[in-house]
Number of protein chains: 2
Amino acid sequence: MQVYQAPLRDMRFVLHELFAQHDGFGAIAAHEEFTPDLLDAVLEEAAKMAHEVLLPLNAPGDEEGCHHENGVVRTPAGFKDAYKQFCEAGWASLANDAEWGGQGLPETINKLVEEMICGANVSFSLYPGLTHGATTAIESHASDDLKQRYLPKMTSGEWSGTMCLTESHCGTDLGLLRTKAVPQDDGSYKITGNKIFISAGEHDLAGNIVHLVLARIQGAPEGVKGISLFIVPKYLPKDDGSVGPSNGVLCTGIEHKMGLKASATCQMSFEDSVGWVVGEPNKGLAAMFTMMNTERVSVGIQGLGIGEASYQGAVAYAKDRIQGRALSGVKRPDLAADPIIVHPDVRRMLMTQRAYLEGCRAVGQWVSRALDVVRHGTDPVAKQRADDFVQLMTPVVKALFTDLGHEAAHLGVQTYGGHGYIREHGMEQYARDARIAMIYEGTNGIQGLDLVGRKLGAHAGRYLKSFFHPVSDFIEANKDAKEDKNNPWGKLVAGLEQAFGALQLSTATIAQKGMADPEEAAAAGTDYLRLLGLVAMAYMFARSAEIAGAKMMAGEDPDGFYKNKLTTVRFFYERILPQAAGLLMAIKAGKASMMDMAEDAF
Amino acid sequence: MQVYQAPLRDMRFVLHELFAQHDGFGAIAAHEEFTPDLLDAVLEEAAKMAHEVLLPLNAPGDEEGCHHENGVVRTPAGFKDAYKQFCEAGWASLANDAEWGGQGLPETINKLVEEMICGANVSFSLYPGLTHGATTAIESHASDDLKQRYLPKMTSGEWSGTMCLTESHCGTDLGLLRTKAVPQDDGSYKITGNKIFISAGEHDLAGNIVHLVLARIQGAPEGVKGISLFIVPKYLPKDDGSVGPSNGVLCTGIEHKMGLKASATCQMSFEDSVGWVVGEPNKGLAAMFTMMNTERVSVGIQGLGIGEASYQGAVAYAKDRIQGRALSGVKRPDLAADPIIVHPDVRRMLMTQRAYLEGCRAVGQWVSRALDVVRHGTDPVAKQRADDFVQLMTPVVKALFTDLGHEAAHLGVQTYGGHGYIREHGMEQYARDARIAMIYEGTNGIQGLDLVGRKLGAHAGRYLKSFFHPVSDFIEANKDAKEDKNNPWGKLVAGLEQAFGALQLSTATIAQKGMADPEEAAAAGTDYLRLLGLVAMAYMFARSAEIAGAKMMAGEDPDGFYKNKLTTVRFFYERILPQAAGLLMAIKAGKASMMDMAEDAF
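Because the structure is a prediction, the values reported are computed rather than measured.

A. Broad picture of the overall build of chain A. Within chain A, the regular secondary structure consists of 19 helices and eleven strands. Structurally, chain A occupies a C-alpha span of about 80 × 60 × 60 Å along its principal axes. By residue count, 66% of the 602 residues in chain A fall in the buried class. Partitioning the contacts of chain A with sequence separation of at least 6, the portion at a separation of at least 24 is 74%. Total accessible area computed for chain A in this model is approximately 21,200 Å², and 53% of it derives from carbon and sulfur atoms. Side chains of chain A carry 57 positive and 74 negative charges; the gap between the two charge centres is 4 Å.

Structure below.
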């Protein structure tokens, strides 16, 4: 009963139109071979794959779940075949480096394809997704020998990857971790310890599983300064590339979760497992963050993908389900009642979903552009600005997209009424599946802390400039329109200016109070992240409206896409952006009302 | 792993202190026998029952679910015993009329006990809850003969009740319903049709199940004007009160739901089942709404109860789980890390839950006071005002409490991080269980429509006065404090006045635009309901602060309850109430941005 078709029209809009000017980051020589036609063809093929291969497994996968017995994990029926098809068609290695067998496509494309995969089957997405994160860390930090040994097999998907951070007593606070690494004479280590919540820790899809494990080398300092990153394969690879003997890595159980049931979340035990250090000893956290940051953006995209799937399900139902009559008069006299899409409150839910999704997709594309520049750009100034922007926006994409994606999934359930609460239509699965993304790879509260605690102040506020400058330039460039009260476009610019003003004031408040008392900054984290996210969406929508308006003026809107874009923009500005005012007030209020309560009064 | 203790201290506060003055409704003679000590004893006994009998079955009930085979439904292990104990101790008939064997306790107490039952085990609450709704409808509308035959057995809980409204093609729009009633010579009817989503439609707890069924009498008008309400028992009662033969009522299946798994949600088939009309033929909808309105307030209380359970779970974890160090310096040098309750963002989540719960509890008590006056008051003016207030606030309590309860349940999950997403701690169950309350007994969107479409305009806005007058009187009475900028109490009054001003402006906007175009009112429904709810909570908090402040000045705060109340009030005013500004802006924007999109553009 679940429906999902990749939203190709809007994807092409953000890819080719919204970011046609490359946002000041400059063109990327390495990507010049990828013509718009080629990219569109990739997107269309990906859409087909998502619809035909992954979507049919989504609801059955949730129903069946994963099974664990004696260390062996079986994924739901069909997953093995789908994974094989997926890898053979090259989807596993879309953005990987050609040197290791990847296709070297831009992140802009990769993130759109990720959105499709998550829209069709987010549980499935975890298997190749974790591998992609692992290869990123290996590429950036491992020795040439390790790269040669692992990257080709992992890029093809023949072997999969994981990230083993969490232990039962530590998640956010990795300084507490206890897994041990004992140096061996040959330069390798023996790893011993227990990890939990390991996505794709064990499964039946790949010939080998390459764990990236955080552990503490014997004698290393306590806390985060004594943590190293290791490659620990399930089977030790032989020199000819085939898999050798088992390596003491055992899945001791899988979690029973609210959702994401077709993704195996494993408890892993390592016992004298041979591992090789990735990067420098005791600098594992930095190496792991390479992986984590890539993953954080991808987790944001999960929220977007699931939200889109829920939106499409809700639209289909709202057009089909008849109930009551339109307040403006009967719309379908041929039926016993009108389809519920005629009712304003149903419209409110659908438009809210839509505004969230189109806004996030545009912001996501902006960040992906910057990721490409960081990796492949040649102009050092543009590269720096792109990196600043990625630093700033990574927590925003992660938390904003997953919060809004979860809310969108629930609006989908609500549109179905009672039929949304039962399993039959697959809507409640979206709500359950979307929930984890607000938690893993750093809870959304941690993202807020990262934003206000690390990103705002870094390099005297330089990261923030990568975002503030384009927004204020845009407002400045459209000043005249704003002055004209009869110009609807002017109203938009004024709305953006107001929200941006709230963001600037909030930033100043946090910078000032947070200097004297870091708890003041921390208390504002979640609200500030949301406010910055809303302004980023508003800016993307204003830019979109500019393009759409020009197209309409030129009479180039045969299918009404640009007209509809303007309606969505208006909805966002009128019905969602006004939250900025309340967020500013909450941020200005400070920490007292939350910190004054005595601990035992809770 | 779930913890829940009824929040008796706060319950006593709202019961004895906040509503000591009876809010202008006047004392109720019929309730004078219930001394504060007696009521406290009832609450304490209820708390014990919830904790000892119902809570231990909550997680296991979710795990096991209900089972259906050949028309027979088995509830999870332990439910049958618990139900027996529950009824024998008199909890099933707490607020029922003494004439039928009930205890005749005030609704104020009943709703607090309902909160406890829902906090401990919301699935269980449905079984006695539906019965209570059914007895309300029977008491108000049925003939004396039907009352004599059904009310004693239903009051004791020996027989249970249901409400059979929904059919697969109609939920909100009951005018479409097809279940038929054919008149018989003896004045009874033969009922034939299929119903879905019938809570407690079939189960193994009671000796008989009394269905209140909406059906259309042969030849009756189409639409809602041809609907009648019938009593249709599972077994036909004999004259001696024992159960006789089966009555053609069959459970054909149960739903597989997101949550609420220990509550049997049944598909019911009626085939030539004997039924008796309740009230007048073709006026079934009005009779059913007697039941529905009682149920709507109770559904709101479900949100509150589950939210409180999630809050308590989150508090326990936040004090126990150690992770990271306080930004203001190490708090627990004896441990490897500080408990996470030291972190501002964790505080934000806990305080948000707390403010929601204390605010809703106070508003719920206010409405319960009015319900008591409607039923037992003697002063016609007070009775009218109370009824006006109940009319106005029923949709608000239903939608506001369930929205905030659901959000609170998710904040509980979030506080647990990854441990909240797995079943082990029981936190994700709260989120799943809480979700349905936003849907059933009229979706929350329908509540918004009811509020703006029916309640605002009724009797030239008279309902609204029952709420606006006390609030504006309060602001007027505290005018002097407001003028004093150094008085924190004045800041509160100013905050209330501002939010109330936003509500008044919104009301005027809706009244004006909605007159010309009902879609304009409908488009504002959800936002307006939230705004009214926030102001109601703000008013309750201001009144609470007044009491708490006086107690502290008098040095009567040995356990810090009043100090903590003031901190919660401040949090609400600083961090939640500011949303009012954005809601006003959204409401003023009108319907265009949601209605302008062409249907096929979705």
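B. Quick look at the pattern of salt bridges. Inspection of the entire model under this criterion finds 76 salt bridges over all chains. A salt bridge links Asp596(B) to Arg570(A); the shortest N-O distance between them is 4.0 Å. With Asp596(B) in the segment after helix H19 (592–595) and Arg570(A) in helix H17 (residues 561–576), the pair connects residues from two separate chains. Using a relative accessible area of 35% as the deciding quantity, one classes Arg570(A) as partly exposed. With its nearest N and O atoms 2.9 Å apart, the salt bridge here joins Asp388(B) to Arg462(B). With Asp388(B) in helix H9 (residues 380–415) and Arg462(B) in helix H13 (residues 462–477), this residue pair connects regions lying 74 residues apart in the sequence. With a relative accessible area of 4%, Asp388(B) lands in the buried category. What you see here is one network of salt bridges that share partners, running through Asp10(A), Glu115(A), Glu308(A), Arg354(A), Glu358(A), Arg361(A) and Lys565(A).

C. Representation of the environment of Val342(B) within the structure. For Val342(B), the location among the structural elements is in the loop between helix H7 (284–320) and helix H8 (344–376). As for Val342(B) and Gly324(B), which are separated by 18 residues in sequence, their C-alpha atoms are 9.3 Å apart. If we ignore the near neighbours within four places in the chain, the residues touching Val342(B) are Glu519(A), Met595(A), Ala326(B) and Lys331(B).

D. Main features of the side chain of Thr415(A). All names here are of chain A. Considering the arrangement of structural elements, one finds Thr415 in helix H9 (residues 380–415). Accessibility expressed as a relative area gives 5% for Thr415, which makes it buried. Those residues in contact with Thr415 that lie beyond four places of it in its chain are Ala314, Tyr317, Ala318, Ile340, Val346, Met349 and Leu350.

E. Broad picture of the relation of the copies chain A and chain B. Laying chain A over chain B is done by rotating through 180° and shifting 0.0 Å along the axis; what remains is an RMSD of 0.0 Å. Expressed as a symmetry operation, the mapping of one chain copy onto the other fits a two-fold axis. Both copies share a contact surface, since 100% of the interface residues of chain A are interface residues in chain B too.

F. Structural context of unusual backbone geometry. All names here are of chain B. Notably, His459 is not glycine yet its phi reads approximately 50°, a positive angle. In this structure, His459 sits in the loop between helix H12 (444–455) and H13. One non-glycine residue, Ala460, lies in positive phi territory at about 55°. Relative to the helices and strands, Ala460 is located in the loop between H12 and H13. What makes Ala460 exposed here is its relative accessible area of 72%.

G. Up close: the UniProt feature "domain: Acetyl-CoA dehydrogenase-like C-terminal" (unreviewed entry) in chain A. Per the UniProt entry, the sites bearing "domain: Acetyl-CoA dehydrogenase-like C-terminal" (unreviewed entry) are residues 467–597 of chain A in this numbering. Helix makes up 85% of residues 467–597 of chain A and strand 0%, and the two end C-alpha atoms of the span are 36 Å apart.

H. Local environment of the interface of chain A and chain B. Counting residues at the interface gives 89 residues for chain A, matched by 90 residues for chain B. For the chain A and chain B pair, buried surface summed over both sides reaches about 8,000 Å², with 61% attributable to carbon and sulfur atoms. The largest contributions to the chain A side of the interface with chain B come from Tyr421(A), Arg575(A) and Phe602(A), which together make up 12% of the buried area. The interface formed by chain A and chain B holds 50 residue pairs in polar contact (both at pLDDT 80 or more) in total. Tallied by class, residues from the side of chain A that touches chain B come to 41 nonpolar, 25 polar and 23 charged.

I. Examining the packing of H9(B) against helix H16 (residues 518–553) of chain B more closely. All names here are of chain B. Following both chains from N to C, one finds H9 and H16 inclined at 90°, their axes separated by 9 Å at the closest point. Between H9 and H16, the angle falls in the class roughly perpendicular. In contact with Met393, Pro395, Val396, Ala399, Leu400, Asp403 and Leu404 of H9, H16 contributes Leu529, Arg530, Leu532, Gly533, Ala536 and Met537. Its residues assigned to classes, the contact of H9 with H16 shows ten nonpolar, one polar and two charged.

J. Region of interest: the nonpolar core. By size, the foremost hydrophobic cluster in this structure holds 415 residues, and its most contacted members are Phe467(A), Tyr528(A), Phe467(B) and Tyr528(B). In contact with Tyr528(B), not counting residues within four places along its chain, are Leu451(B), Val452(B), Leu456(B), Leu464(B), Phe468(B), Leu503(B), Ser506(B), Thr507(B), Ile510(B) and Ile587(B).

K. Broad picture of helix H2 (residues 36–54) of chain B. Residues and elements named next belong to chain B. Here H2 contains 19 residues, and its C-alpha end-to-end distance of 26 Å stays within 8% of the 27 Å for a straight helix at 1.5 Å per residue. Taken together, the buried positions of H2 are Leu39, Asp40, Val42, Leu43, Ala46, Ala47, Met49, Ala50, Val53 and Leu54. The inward-facing, buried residues of H2 abut helix H1 (8–18), helix H3 (58–64), helix H4 (79–88) and helix H5 (107–141).

L. Examining empty space enclosed by the protein more closely. Evaluation of the coordinates by the stated rule reveals nine cavities of 30 Å³ or more. Considered as a void within the structure, the largest cavity measures approximately 320 Å³ in volume. Along its surface, the largest cavity is lined by 24 residues, and Glu114(A), Ser125(A), Pro128(A), Gly129(A) and His132(A) are the ones closest to its centre. Breaking the lining of the largest cavity down by element, the ones donating at least two residues are helix H5 (107–141) and helix H7 (284–320) of chain A. The element contributing the most residues to the lining of the largest cavity is H5(A), with eleven residues. In terms of residue class, the lining of the largest cavity is made up of 13 nonpolar, eight polar and three charged. Approximately 270 Å³ is the volume found for the second largest cavity. The wall of the second largest cavity is formed by 21 residues, among which Glu114(B), Ser125(B), Pro128(B), Gly129(B) and His132(B) lie closest to the centre. Secondary structure elements with two or more residues in the lining of the second largest cavity: H5 and H7 of chain B. Of the residues forming the lining of the second largest cavity, the biggest block, eleven residues, is contributed by H5(B). Of the residues in the lining of the second largest cavity, the class split is eleven nonpolar, eight polar and two charged.

M. Spatial organisation of the domain arrangement of chain A. Residues and elements named next belong to chain A. Under the domain assignment used here, chain A contains domain 1 (8–140), domain 2 (159–287) and domain 3 (289–594). Computed over C-alpha atoms, the centres of domain 1 and domain 3 are 23 Å apart. Between domain 1 and domain 3, the contact holds 44 residues from the first and 46 residues from the second. Contact between domain 1 and domain 3 buries roughly 4,100 Å² in total, counting both sides, with carbon and sulfur atoms accounting for 57%. Looking at the side of domain 1 facing domain 3, the largest losses of area belong to Phe25, Lys111 and Glu115, adding up to 18% of the total buried there.

N. Layout of the side chain of Arg530(A). Residues and elements named next belong to chain A. Counting through the fold element by element, Arg530 comes out in helix H16 (residues 518–553). Overall, Arg530 belongs to the buried group, its relative accessible area being 18%. If we ignore the near neighbours within four places in the chain, the residues touching Arg530 are Leu400, Asp403, Leu404, Gln579 and Leu583.

O. Seen up close, the packing of H7(B) against H8(B). Residue and element names in this part refer to chain B. Packing of H7 against H8 leaves a shortest axis separation of 9 Å and a crossing angle of 150°. Overall, the two elements H7 and H8 adopt an arrangement that is roughly antiparallel. Seen along the crossing, H7 lies across H8 with a hand that is left-handed. Taken together, the residues of H8 that come into contact with H7 (itself represented by Val297, Leu304, Gly307, Glu308, Ser310, Tyr311, Ala314, Val315 and Ala318) are Val346, Leu350, Gln353, Arg354, Leu357, Cys360, Arg361 and Leu371.

P. Quick peek at the UniProt feature "domain: Acyl-CoA dehydrogenase/oxidase N-terminal" (unreviewed entry) in chain A. According to UniProt, the "domain: Acyl-CoA dehydrogenase/oxidase N-terminal" (unreviewed entry) feature falls on residues 42–158 of chain A. Overall, residues 42–158 of chain A shows 67% helix and 5% strand. The separation of its end C-alpha atoms is 22 Å.

Criteria and cut-off values
Residues numbered from 1 in each chain as written. Chains lettered and ligands numbered in written order. Predicted model: local features only at pLDDT ≥ 70, side-chain atom pairs only at ≥ 80, totals over all residues. Heavy atoms only, no water. Helix = DSSP H or I, 4+ residues; strand = E, 2+ residues; numbered from the N terminus. Buried < 20%, exposed > 50% of the residue type's maximum accessible area, 1.4 Å probe, protein only. Contact = heavy atoms within 4.5 Å. Areas by Shrake-Rupley, 256 points an atom, 1.4 Å probe, with all protein chains shown as cover. Lys, Arg positive; Asp, Glu negative; His and termini not counted. Charge placed at Lys NZ, Arg CZ, Asp CG, Glu CD. Salt bridge = Lys/Arg side-chain N within 4 Å of Asp/Glu carboxyl O. Least-squares fit on C-alpha atoms with pLDDT ≥ 70 in both. UniProt positions renumbered as here; feature names shortened; annotations may be inferred. Buried area = accessible area lost by both parts, 1.4 Å probe. Polar contact = N/O pair within 3.5 Å; in protein donor to acceptor, adjacent residues only side chain to side chain. Nonpolar A, V, L, I, M, F, W, Y, C, P; charged D, E, K, R; others polar. Axes fitted to C-alpha atoms, helices over the stretch in contact; angles between N-to-C directions. Parallel < 35°, antiparallel > 145°, perpendicular 65-115°, else oblique. Core = buried A, V, L, I, M, F, W, Y, C linked by side-chain atoms within 4.5 Å. Expected span 1.5 Å × (residues − 1). 1 Å grid on protein atoms, 1.4 Å probe; cavity = no way out; pocket = protein on both sides within 12 Å on 5 of 7 lines; lining within 4 Å. Points joined across faces, edges and corners; volume = space filled by probe spheres on them. Domains from an automatic or database assignment. Left-handed = near helix turned anticlockwise from the far one by under 90°.

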